[in-house]
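Here are the chains, one letter per residue:
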2 protein chains.
Amino acid sequence: MFKEALQGVVDQIDGGMAGMLMDFEGIPLEMYARDEDFFDVEVVGAEASVLVKAIQRATEMLEAGTTQEVSFTSESLVTLIRVLDETYFIALTLRPDANFGKARYLLRTVAPKVLAELA
Amino acid sequence: MFKEALQGVVDQIDGGMAGMLMDFEGIPLEMYARDEDFFDVEVVGAEASVLVKAIQRATEMLEAGTTQEVSFTSESLVTLIRVLDETYFIALTLRPDANFGKARYLLRTVAPKVLAELA
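These lines cover the structure that appears in this document, whether it is placed above or below. Bear in mind that the values here come from a model prediction, so they are computed numbers and not experimental data.

## So, the overall build of chain A
Scanning chain A from terminus to terminus reveals three helices and five strands. Starting at the N terminus and ending at the C terminus, chain A contains elements arranged as α-β-β-α-β-β-β-α. Relative to its full complement of 119 residues, chain A shows a buried share of 55%. Long-range contacts, defined as pairs at least 24 residues apart, comprise 51% of the intrachain contacts of chain A with a sequence gap of at least 6.

Structure representation (structure tokens):
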């Protein structure tokens, strides 16, 4: 079910590369990649979980409430992260020319469905 | 000049709160806030620079090239960061209901102008 949810998001985005459901230890619960060879999910997972934890600490410092979404764009990759709860998040990787707005929308839409299944 | 550039971006966005030109030590070079009282620029700067450095390390690990943009969204605040070069970045804070796409566009547009003045 999780894989289908991830695939549904990734495949709907031109330039969508991979989607991962992960816990904050960086351990993937499920993942889907269009090009399986491309993606080192363990590296992405470890990095993403460290970053999200750092950002959660930062938003607490700023008293800005719970972190909901994180994104970072580099020359060859866009990573979009949606926090589901205190344990899980979804990370989506896109090509830089992908439709970022659509990716955010799809991720926001699928998040409560995935969370409901996790419960 | 920097202040005008920051103000030009912040004031064009409904829900734009503040803009900061900073170095990666977290020291603000210039800042503009619509509501001066609201914003603790030193806290934001310190947090933002730590985060951007963490993200730069992560993108290096992922071999994804130079970090260009970072955003994080929490319940009460959106922070959008544009990396200018190895020394400076611009951080923009918005309300969660602000036009994120427009903010990204304006920040991308103003970045080379600010960078040209820094040189």
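## Quick notes on the packing of aromatic side chains
The full count for this structure, using the stated rule, is three aromatic pairs over all chains. Plain terms: the ring middles of A:Phe24 and A:Phe89 are 5.1 Å apart, the flat faces sit at 40 degrees to each other, and that makes the pair tilted. Residue A:Phe24 is located in the loop between strand 1 (16-23) and strand 2 (28-33), and its partner A:Phe89 is located in strand 5 (residues 88-94); the two are separated by 65 residues in the primary sequence. On the accessibility criterion, A:Phe24 (6% relative accessible area) is buried. Taking relative accessible area as the criterion, A:Phe89 reaches 0% and is therefore assigned buried. The aromatic ring of B:Phe100 is capped on one face by A:Arg104, whose charged end is 4.1 Å from the ring centroid.

## Some points on the pairing of strand 2 (residues 28-33) of chain B
Residue and element names in this part refer to chain B. Across five bridges, strand 1 (residues 16-23) lies against strand 2 in antiparallel orientation. Note on strand 2: the bridge partner recorded for Ala18 is Ala33. Linking strand 1 to strand 2, which pair antiparallel, is a turn of four residues; within it Gly26 sits at a positive phi near 90 degrees.

## What about the nonpolar core?
Grouped together as the largest cluster of nonpolar side chains are 43 residues, with contacts concentrated most on A:Ile13, A:Ile90, A:Leu92, B:Ile13, B:Ile90, B:Leu92 and B:Val114. Put simply, the parts of the chain that give this core at least two residues each are helix 1 (2-12), strand 4 (78-83), strand 5 and helix 3 (100-118) of chain A together with helix 1 (2-12), strand 4 (78-83), strand 5 (88-94) and helix 3 (100-118) of chain B. Grouped together as the second largest cluster of nonpolar side chains are 36 residues, A:Ala33, A:Val44, A:Val83 and B:Ile55 included.

The rules behind these values
Residues numbered from 1 in each chain as written. Chains lettered and ligands numbered in written order. Predicted model: local features only at pLDDT ≥ 70, side-chain atom pairs only at ≥ 80, totals over all residues. Heavy atoms only, no water. Helix = DSSP H or I, 4+ residues; strand = E, 2+ residues; numbered from the N terminus. Buried < 20%, exposed > 50% of the residue type's maximum accessible area, 1.4 Å probe, protein only. Contact = heavy atoms within 4.5 Å. Phe/Tyr/Trp six-rings, centres within 6.5 Å; stacked < 30°, edge-to-face > 60°. Lys NZ or Arg CZ within 6 Å of the ring centre and 35° of its normal. Pairing = 2+ DSSP bridges. Core = buried A, V, L, I, M, F, W, Y, C linked by side-chain atoms within 4.5 Å.

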